[in-house]
Amino acid sequence: MRTMELSADKMYEVLVAKDNSFEGLFFACVKTTGIFCRPTCPARKPKRENVEFVSTAREALGLGYRPCKVCSPLKLPGYTPTWMENLLKEVEKNPEIRIKDEDLLQRGLHPNRVRRWFLKHHGMTFQAYQRSIRISYAFGTVKHGEKKIIHAAYDSGYESLSGFHEAFKKATGFSPKNSKEGNLIYVTRVLTPLGPMMACAIDEGICLLEFMERKELEAELAHLAKVLKASYVTAPHPHFELLQKELNAYFHKELTTFTVPIHSPGTPFQTEVWNALRQVPYGTTLSYKEHSERMGKPKAVRAVANANGKNRIAIIIPCHRIIGSD
């Protein structure tokens, strides 16, 4: 839905309600203050007659409006602030380190602020995140035979082998000695102009990409873990860097075809539907009936639509290009 398809009154209702489902569709320009905001800006709302709406931040800037300092409309929704980026890079570069509250204070960061940010964006504390990084590092080195368990334990920052065994099993669901048979699904948060998304990856490729607020996300995660016989760990993975890069280019209209590897296990029929989705050209849409007919299954509209709804890799497998005939 484009801004021009929304009435000004509807956009004002969204602004007052701070409805994040409209994030990225428009910006509100306040005539009395000369600033422009996101639909979700928490600042006090202006009167209706004092607001005009535009489609892009560029348009707002062109009209002489300044970006709001409260909602930062020039930055991606859910963006990672600089102070947190530096901390994340430090942890990922040195998975064996243990940064405690006093260490955060020495870095000029308040422990409660760091904790709140991690709980909001990752659903875990900073200390839990550090443990995930250490476990994922150890898992990789043990699984691929790069190190013995005892070396992986101490190189990951654990002071005892028993403590490492306990933490490893708690995080992954299996013991270090079973690492070669076990699997991990790596999880991260990916930023887009429409809001943050959850991305999951295994060595074969991206296995899930969904908006964080999708109602079916929890069920999808449970099903994926069952299918892959794996446990989740919040940690970096090589596929995530390429994914973020290509999504950025996609939303800037600089890329229409993704090259990041994907791995989407499903039934043969679901796989056929998802492969057909990737053949729908960029910038076009099909009805469910047309999609079924193109697959040579004109009488399987409902089954094709159901498989389309089971897609776990949004945008890359473009199920958004299939819409109702009405």
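Below is a short write-up of the structure.

Summing up its helical and strand segments, the protein chain has 13 helices and 10 strands in all. Here the protein chain holds 326 residues, and the buried ones make up 45% of them. Here the analysis covers contacts within the protein chain between residues at least 6 apart in sequence; of these, 61% occur between residues at least 24 apart. Accessible surface for the protein chain amounts to roughly 18,100 Å². Of this, 52% is attributable to carbon and sulfur atoms.

Another aspect to go through is the pattern of salt bridges. Evaluated as defined, the whole model comprises 3 salt bridges. In this structure, the salt-bridge partner of R107 is E90, at a minimum N-O distance of 2.6 Å. Within this pair, whereas R107 is found in the loop between α4 (101-106) and α5 (111-122), its partner E90 is found in helix α3 (residues 82-93), the two being separated by 17 residues in sequence. Given the relative accessible area of 37%, R107 is considered partly exposed.

Attention shifts here to the sheet that holds strand β8 (residues 231-234). One open sheet accounts for 4 strands, arranged β7-β6-β5-β8; its pairing is mixed. Each edge of the open sheet is held by one strand with a lone partner, namely β7 (205-211) and β8. Within the sheet, the average angular offset between the axes of one strand and its neighbour, ignoring direction, is 30°. Where strand β6 (residues 197-202) meets β7, 6 bridges bridge the pair, whose relative direction is antiparallel. Across the sheet, the residue bridging to A201 is I206, located in β7. On top of the sheet, helix α9 (residues 217-228) reaches β5 (184-190), β6, β7 and β8; it is set at about 165° to β7, its chief contact.

Attention now moves to unusual backbone geometry. The phi angle at K229 is positive, at roughly 50°, despite the residue not being glycine. Inspection of the secondary structure puts K229 in the loop between α9 and β8. A relative accessible area of 70% means that K229 is categorised as exposed. At K253, a position not held by glycine, the phi torsion is positive, near 60°. As for its position among the elements, K253 is in the loop between α10 (238-251) and α11 (268-277). Taking the relative accessible area as the measure of exposure, K253 reaches 70% and is therefore exposed.

Read from one edge of the open sheet, 4 strands run β3-β1-β2-β4, paired in mixed fashion. One side of each edge strand has no neighbouring strand; the edge strands of this open sheet are β3 (51-54) and β4 (66-67). As judged from the 3 bridges shared by strand β1 (residues 27-30) and strand β2 (residues 35-37), these two strands associate in the antiparallel manner. Bridged to C29 within β2 is F36.

Next up on the list: the packing of α11 against helix α13 (residues 301-309). How two helices sit against one another is set out by the angle between their axes and by the gap between those axes. Here α11 crosses α13 at 80°, and the two axes come no closer than 9 Å. As judged from the angle between their axes, α11 and α13 are roughly perpendicular. Residues F269, Q270, V273, W274 and L277 of α11 form the contact with α13, whose own contacting residues are A303, V304, A307 and N308. Each residue belonging to the contact of α11 with α13 can be placed in one class, and the counts come to 7 nonpolar, 2 polar and no charged.

Glancing now at α10. Taken together, the buried positions of α10 are occupied by H239, F240, L243, E246, L247, A249 and Y250. Looking at the buried positions of α10, the neighbouring elements they touch are β5, β6 and β7. Within two residues after α10, K253 carries a phi angle of roughly 60°, on the positive side.

With that settled, consider the packing of aromatic side chains. In the structure shown here, the tally under the stated rule is 8 aromatic pairs. Ring geometry for F26 against F53: centres 5.5 Å apart, planes inclined by 85°, an arrangement best described as edge-to-face. Of this pair, F26 sits in the loop between α1 (8-17) and β1 while F53 sits in strand β3, placing them 27 residues apart in sequence. Residues F26 and F53 agree in their burial class; the two are buried. Both rings, one in F118 and one in Y129, keep their centres 5.0 Å apart while their planes meet at 45°; by these two values the pair is tilted. Of this pair, F118 sits in helix α5 while Y129 sits in helix α6 (residues 126-143), placing them 11 residues apart in sequence. Relative accessible area serves as the criterion here: at 4%, Y129 is assigned to the buried category. Each residue in the set W117, F118, F126 and Y129 is aromatic and connected to the rest through ring pairs, giving one cluster.

For the rest of this paragraph, the subject is the packing of α3 against α5. The interhelical angle for the contact between α3 and α5, taken along N-to-C directions, is 85°, at an axis separation of 12 Å. It follows that α3 is roughly perpendicular to α5 by the angle criterion. Here α3 contributes W83, M84, L87 and L88 to the contact with α5, which in turn contributes R113, V114, W117 and F118.

Before going further, it helps to spend a moment on the side chain of E220. Considering the arrangement of structural elements, one finds E220 in helix α9. Dropping the residues within four chain positions of it, E220 is found in contact with L208, E210, R214, N311 and R312.

Cut-offs applied
- Residues numbered from 1 in each chain as written.
- Predicted model: local features only at pLDDT ≥ 70, side-chain atom pairs only at ≥ 80, totals over all residues.
- Heavy atoms only, no water.
- Helix = DSSP H or I, 4+ residues; strand = E, 2+ residues; numbered from the N terminus.
- Buried < 20%, exposed > 50% of the residue type's maximum accessible area, 1.4 Å probe, protein only.
- Contact = heavy atoms within 4.5 Å.
- Areas by Shrake-Rupley, 256 points an atom, 1.4 Å probe, with all protein chains shown as cover.
- Salt bridge = Lys/Arg side-chain N within 4 Å of Asp/Glu carboxyl O.
- Pairing = 2+ DSSP bridges.
- Axes fitted to C-alpha atoms, helices over the stretch in contact; angles between N-to-C directions.
- Parallel < 35°, antiparallel > 145°, perpendicular 65-115°, else oblique.
- Nonpolar A, V, L, I, M, F, W, Y, C, P; charged D, E, K, R; others polar.
- Phe/Tyr/Trp six-rings, centres within 6.5 Å; stacked < 30°, edge-to-face > 60°.

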